[in-house]
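Structural characterization, general
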Amino acid sequence: MAIIQNGSSLFTGDAGSGQSEIRRYLIENDWLDAIVQLPNSCFYNTGIATYIWLVMKDKAAEHKGKVQLIDASQCFEQRRKNIGDKRVDITGECRDLIVRAYGEHMDQNYELTTKNDTKIVVKSRILDSVSLGYSKITVETPQKDADGKIILKKDKPAADSSKRDTEKVPLDEDIDEYFKREVLPYNPDAWIDKKKTVVGYEIPFTRTFYEYKQFEPSEQIAARIEAHEKTLITKLHDLFGEE
């Protein structure tokens, strides 16, 4: 089954919500095979990003326990004439490249120059299904009196609701180890209310395909600004004359 969705279905809804539970049901049953991001402006009535969810109950053996994300947002040819919001076409060459990326099922970038001399790109990433899930834990901090002593109720620390916080712990990470490393060093009196722990799922499409770009060194930026200022000063002197 192929379902076309907008981007909200990837992440909308907190852990335990209906949206998250649908994602959880598909992923924990190992039915979600792949998600393909299409180019913007490929439909008549909307220019927003759209995604095809490929769902099947009998995934290939090498696909089991995995979800493939395919970024085909740069796999299109520009139309000569727009039709409403439709400004691009997914041509036969584009489709073949997307199908190739899906069929080969590996972490790889695919590039092709079409017969119309357009460069098209498809990126494929394979994720473990468990990496899409997380446990949302509730972190409690005790109430304290004016002297800074912890207030007890029934011999247990009373939680201060104003300081209650939550953390998202990846499903493939031990919750207690995460808590010791990320929370206790900064809040040594805190504890986890494990009755409130819920599991959620989201598809980190943007994070998966993010490519870090090295920023220009500050020295080069400063030199460029200085050169620009000198040019402006010279032009001002030419325009108004030196005082």
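The structure displayed is predicted, hence computed values, not measured ones.

Conventions adopted
- Going along each chain's sequence as written, the residues are numbered from 1 onward.
- Only residues with pLDDT of at least 70 get local features here, since the model is predicted, and only at 80 or more are side-chain atom pairs given and counted; chain-wide, interface and lining totals rely on the full set of residues.
- The side-chain values count all of the structure's non-hydrogen atoms but skip hydrogen atoms and water molecules.
- What is meant by a nonpolar core is a set of buried Ala, Val, Leu, Ile, Met, Phe, Trp, Tyr and Cys residues, joined one to another through side-chain atoms within 4.5 Å.
- Remark: exposure states derive from per-residue accessible area (1.4 Å probe, protein chains only) relative to the maximum for the residue type, with buried under 20%, exposed over 50%, and partly exposed in between.
- Numbered from the N terminus, helices here are DSSP runs of H or I no shorter than four residues, and strands are runs of E no shorter than two.
- Any pair of residues with heavy atoms lying within 4.5 Å of one another is described as a contacting pair.
- Here the rule is simple: two strands pair whenever DSSP picks up at least two bridges between them.
- The convention used is that axes are lines fitted to C-alpha atoms, helices contributing only their stretch in contact, and that angles between N-to-C directions extend from 0 to 180 degrees.
- One side-chain nitrogen of Lys or Arg within 4 Å of one carboxyl oxygen of Asp or Glu is enough to make a salt bridge.

Here the focus is the nonpolar core. Leu32, Ile35, Trp53, Leu69, Ile203 and Phe205 are the most contacted members of the largest nonpolar core, which has 18 residues in total. Looking at this core, the elements that each hand over two or more residues are α1 (18-28), β2 (32-37), β3 (50-55), β4 (66-74) and β14 (198-201). No other element matches β3, which puts three residues into this core. Setting aside its immediate chain neighbours within four residues, Ile203 contacts Leu10, Arg23, Ile27, Leu32, Ile35, Trp53, Leu69 and Leu132. By size, the runner-up hydrophobic cluster in this structure holds 17 residues, among which are Ile52, Cys75, Tyr110 and Ile120.

What the six strands build is an open sheet, ordered β1-β3-β2-β4-β8-β7; its pairing is mixed. Single-partner strands in this sheet number two, and they are β1 (2-6) and β7 (108-113). Put simply, the sheet's adjacent strands are angled 20° from each other on average, direction ignored. Across the sheet, helix α2 (residues 92-104) lies against β2, β3, β4, β7 and β8 (119-128), angled at about 20° from β8, the strand it touches most.

Relative to the helices and strands, Ala159 is located in the loop between β11 (156-157) and β12 (165-170). For Ala159, a relative accessible area of 28% translates into the label partly exposed. Between the C-alpha atom of Ala159 and that of Lys144, which follows or precedes it by 15 residues, the distance is 9.4 Å. Each residue touching Ala159, except ones within four places of it in the same chain, is listed here: Glu140, Thr141, Gln143, Arg164 and Trp191.

Evaluation of the coordinates by the stated rule reveals 19 salt bridges. One salt bridge connects Arg24 with Glu21, and the closest N-O pair in it is separated by 3.7 Å. Linking Arg24 with Glu21, this pair stays in helix α1, spanning three residues, or about one helical turn. Looking at Arg24, the relative accessible area reads 25%, which means it is partly exposed. Among the charged side chains, a salt-bridge network with shared partners connects Glu140, Arg164, Asp193, Lys195 and Lys196.

Quick look at the pairing of β8 now. Taken across its ten residues, β8 has eight buried, putting it largely inside the fold. Looking at chain direction, β4 and β8 are connected through seven bridges and run antiparallel. When the sheet's bridge partners are listed, Gln68 is paired in β8 with Ile126. Note: β7 against β8, six bridges, orientation antiparallel. Counted as the bridge partner of Thr113 is Lys119 from β8.

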